[in-house]
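Understanding the architecture of this molecule
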Amino acid sequence: MTVTLEVSDGVGTIRLDRPPMNALDVATQDRLRELAEEASRRDDVRAVVLYGGEKVFAAGADIKEMQAMDHAAMVLRSKALQDSFTAVARIPKPVVAAVTGYALGGGCELALCADFRIAGDNARLGQPEILLGLIPGAGGTQRLARLVGPAKAKDLIFTGRHVKADEALTMGLVDRVVPAAEVYEQAHAWAARLAKGPALALRAAKEAVDAGLETDIDTGLTIERTWFAGLFATEDRERGMRSFVEEGPGKAKFL
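Our subject in this report is the structure included herewith. Keep in mind it's a predicted model, so treat the numbers as computed, not measured.

Moving on, we come to the sheet that holds strand β5 (residues 102-104). The three strands are arranged β5-β7-β8 in an open sheet whose pairing can be described as mixed. The outermost strands of the open sheet, each flanked by one partner alone, are β5 and β8 (162-164). Neighbour-to-neighbour, the strand axes of the sheet open up by a mean angle of 20°, direction not taken into account. Bridge count for strand β7 (residues 124-126) against β8 is three bridges, and the pairing is antiparallel. Within β8, the position partnered with G126 by the bridge is H162.

What follows is the structure in structure tokens.
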């Protein structure tokens, strides 16, 4: 399998495994969507890590496979390509990308689907599609601009240049830079911490932020208010407030 899902301590690791560079061919894209949907459904998965291994996250699409496609073929395929990445972005649980080595093209777009990105000091990120006479097609023009702003996104997309981990951190493309050997450990620890939290509240928080960014402030506030009030019907809310009153803040244990 080019993509696998392994679960431990409430954390599901979606691992790309297509040596040597984790090129994202059609089969890998489809498998990624299947496992993202599985992680979304499974109750034992409470947070997710996206990982490509110790050496490389994903160096992009399978160019030889894409070269053989004509316009008609890509018209049919492009929606499935985007749907695979959207399935990752819509996992209703905290998702962290553990980025080592190259995260280029589709690899960078996959990292953009996470809620948080931890990069190794050896990471290189970018959207080099322009060098092929193309533009990003798996969400890069949209998610990158929303994350770092349109000017920085256009810099990367127009030039196709790679950025090292320190520049990626400065521009907001990644959220933390650590020694390459510690990337997965730290990503798993971040996810495991959140896996112990209130699942419905985390889901609500993610949807409120993500959906709110796509609309006007009044609609966003309505989304927030609806989720906020709805959580008063959950056992987690009862447990959290009872623990706060009886034991003090930060000591609640959620099921």
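From this point, the narrative continues.
Further remarks concern the side chain of T13. Of note, T13 is situated in strand β2 (residues 11-16). At 2.6 Å, the side chain of T13 forms a polar contact with the side chain of Y184.

Looking now at the packing of aromatic side chains. Evaluation of the coordinates by the stated rule reveals three aromatic pairs. Measuring from centroid to centroid gives 5.5 Å for F228 and F232, while their planes differ by 70°, and the two rings are edge-to-face. Owing to a relative accessible area of 55%, F228 belongs among the exposed residues under this scheme.

Basis of the calculations
Residues numbered from 1 in each chain as written. Predicted model: local features only at pLDDT ≥ 70, side-chain atom pairs only at ≥ 80, totals over all residues. Heavy atoms only, no water. Pairing = 2+ DSSP bridges. Helix = DSSP H or I, 4+ residues; strand = E, 2+ residues; numbered from the N terminus. Axes fitted to C-alpha atoms, helices over the stretch in contact; angles between N-to-C directions. Polar contact = N/O pair within 3.5 Å; in protein donor to acceptor, adjacent residues only side chain to side chain. Phe/Tyr/Trp six-rings, centres within 6.5 Å; stacked < 30°, edge-to-face > 60°. Buried < 20%, exposed > 50% of the residue type's maximum accessible area, 1.4 Å probe, protein only.

Everything listed here is a matter of coordinates, which is why it stays silent on function.
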